[in-house]
Amino acid sequence: PAIIRIWNTNGLSNDRFSLENGIIISQSYRNPFIIDPQNQAWKWLKNIELDNGLTIIDGRLENYTQSLEIALQNGYSTLMQIDFDKPDPYIISLLSKSIVKKKNELFIRMGNKLLAYNENFRMFITTKIKNAHYDPEIIKWTTVVDFTIQEEGLEEQLLTILVSMENSNLEELKENTIIKIEKDKKSLDEIQDELLKLLDESECSLLENEQLLNTLKSSKAKLNIIKEQLQSSLTSQAEIYIAREV
């Protein structure tokens, strides 16, 4: 799927375990609490959430609540790292999502405060602490995801490093090919959607609408070119992966 390719280009390992974790994090209603000893999830989320006004917060700082409240009210994605297993009550009140509605506006209770709440707000909490006894409130109000690197993921990352050292051009070609495949697939979808829209909005038969007919012919030609480019890229991708394994 397209989203998986985007995740991979933004730093998520392509092994099954990492992809399953990525799906859990992206689909979870609750805020994810991510056990991340090697900073794998942190690096990936930092890249993938940049377009969502990402706010990065260090939970060890005393004034972190100010940045958190700004993100909360403006609907920014927030990436927060903590190095303790018992967060303060302020965080717990946020995780519990005590949301109230007043005059068609949403508010959330944060300690003794009632703050405006933007539904686009999303918080990801990560910790490097692997074997801690986490506060029960954390378990209760979050989706716990263990991102500790597994053998399969380690092999994939070591292979990437090794190929980069021995043949940096090959690894760069792999990344560029993945990006090009994604771009071509997106173009295919856009052209197909446009064709369907034109046909749906046409008020006369296709043969009677010369402008529509010319547009369809032009779009079909573009479609064929992109399909050929896509097939070439997919073939190149297969060859690259074979070369990486040698």
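Before reading on, note that the structure itself is shown above.
As the structure is a computational prediction, the values presented were derived from the model and not from experiment.

Asks: What is the right way to read the packing of aromatic side chains from this model?
Replies: To describe a pair of aromatic rings, you give the distance between the ring centres and the angle between the ring planes. Throughout the structure, instances matching the rule amount to two aromatic pairs. Ring geometry for Trp7 versus Trp44: centroids 5.4 Å apart, planes at 75°, classification edge-to-face. With Trp7 in helix H1 (residues 2-9) and Trp44 in helix H3 (residues 40-48), the pair connects residues that are 37 residues apart, well separated along the chain. Accessibility classification places Trp7 together with Trp44 in one group, the buried group. We note Lys97 situated over the ring of Tyr29; from NZ or CZ to the ring centre the distance is 4.2 Å.

Asks: Is there a simple way to think about the sheet that holds strand S1 (residues 31-35) in this case?
Replies: Pairing between the strands of a sheet comes from backbone hydrogen bonds, and it takes one of two forms, parallel or antiparallel. If you trace the five strands from one edge of the open sheet to the other, you get S2-S3-S7-S1-S8, paired in parallel fashion. In the strand order of this sheet, the two ends are held by strand S2 (55-58) and strand S8 (142-146), each with one partner. Averaged over all pairs of adjacent strands, the angle between their axes in this sheet comes to 20°, without regard to strand direction. Pairing between S1 and strand S7 (residues 122-127): three bridges, direction parallel. The residue bridging Ile35 from the neighbouring strand is Thr127, located in S7. Here helix H2 (residues 16-27) sits on the sheet in contact with S1, S7 and S8, set at roughly 170° to S8. On the sheet, helix H4 (residues 64-74) packs against S2, strand S3 (77-82) and S7 and is oriented at approximately 155° with respect to S2.

Asks: Please clarify how the pairing of S2 should be interpreted in this entry.
Replies: Where a strand is regular, its side chains alternate between the two sheet faces. Alternating positions in S2 separate cleanly, Thr55 and Ile57 being buried on one face and Ile56 and Asp58 remaining unburied on the opposite face. When S2 meets S3, the two strands line up parallel, connected through four bridges. Along S3, the bridge assignment pairs Asp58 with Gln81.

Asks: What should I look at first to understand the sheet that holds strand S4 (residues 99-102) in this one?
Replies: Spatially, the three strands line up as an open sheet ordered S4-S5-S6, and their pairing is antiparallel. In the strand order of this sheet, the two ends are held by S4 and strand S6 (113-116), each with one partner. The sheet shows a mean angle of 35° between the axes of neighbouring strands, taken without regard to direction. Here strand S5 (residues 105-110) runs beside S6; their pairing, made up of four bridges, is antiparallel. Across the sheet, the residue bridging to Arg109 is Leu114, located in S6. Across the face of the sheet, H4 comes into contact with S5 and S6 while running at roughly 45° to S6.

Asks: Please clarify how the side chain of Asn21 should be interpreted in this entry.
Replies: Looking at where Asn21 falls in the secondary structure, it is placed in helix H2. Residues within four places of Asn21 in sequence aside, it is in contact with Val145, Asp146 and Phe147.

Asks: What should I look at first to understand H4 in this one?
Replies: Every α-helix winds through 3.6 residues per turn, so residues three or four apart in the chain are directed the same way. Within the sequence span of H4, burial applies to Tyr64, Leu68, Glu69, Ala71 and Leu72. Down the axis of H4, the smallest arc covering the buried residues is 165°, so these residues share one side. The elements touched by buried residues of H4 are S2, S3, helix H5 (89-95), S5, S6 and S7. Where H4 terminates, the next one or two residues include Gly75, which has phi positive at roughly 75°.

Asks: I tried to follow the nonpolar core on my own but got confused; where do I start?
Replies: One broad trend across soluble globular proteins is that nonpolar side chains are buried collectively. Ranked by internal contacts, the top residues of the largest apolar core, which has 23 residues, are Leu68, Leu72, Leu94, Phe121 and Met123. Among the elements of the structure, S1, H4, S3, H5, S5 and S7 are those that each provide at least two residues to this core. Examining the composition of this core, we find that five residues originate from one element, H5, more than from any other. Those residues in contact with Leu94 that sit more than four places away from it in its chain are Leu68, Leu72, Ile108, Met110, Phe121 and Met123.

Cut-off values and rules
- Residues numbered from 1 in each chain as written.
- Predicted model: local features only at pLDDT ≥ 70, side-chain atom pairs only at ≥ 80, totals over all residues.
- Heavy atoms only, no water.
- Phe/Tyr/Trp six-rings, centres within 6.5 Å; stacked < 30°, edge-to-face > 60°.
- Helix = DSSP H or I, 4+ residues; strand = E, 2+ residues; numbered from the N terminus.
- Buried < 20%, exposed > 50% of the residue type's maximum accessible area, 1.4 Å probe, protein only.
- Lys NZ or Arg CZ within 6 Å of the ring centre and 35° of its normal.
- Pairing = 2+ DSSP bridges.
- Axes fitted to C-alpha atoms, helices over the stretch in contact; angles between N-to-C directions.
- Contact = heavy atoms within 4.5 Å.
- Arc of directions from axis to C-beta.
- Core = buried A, V, L, I, M, F, W, Y, C linked by side-chain atoms within 4.5 Å.

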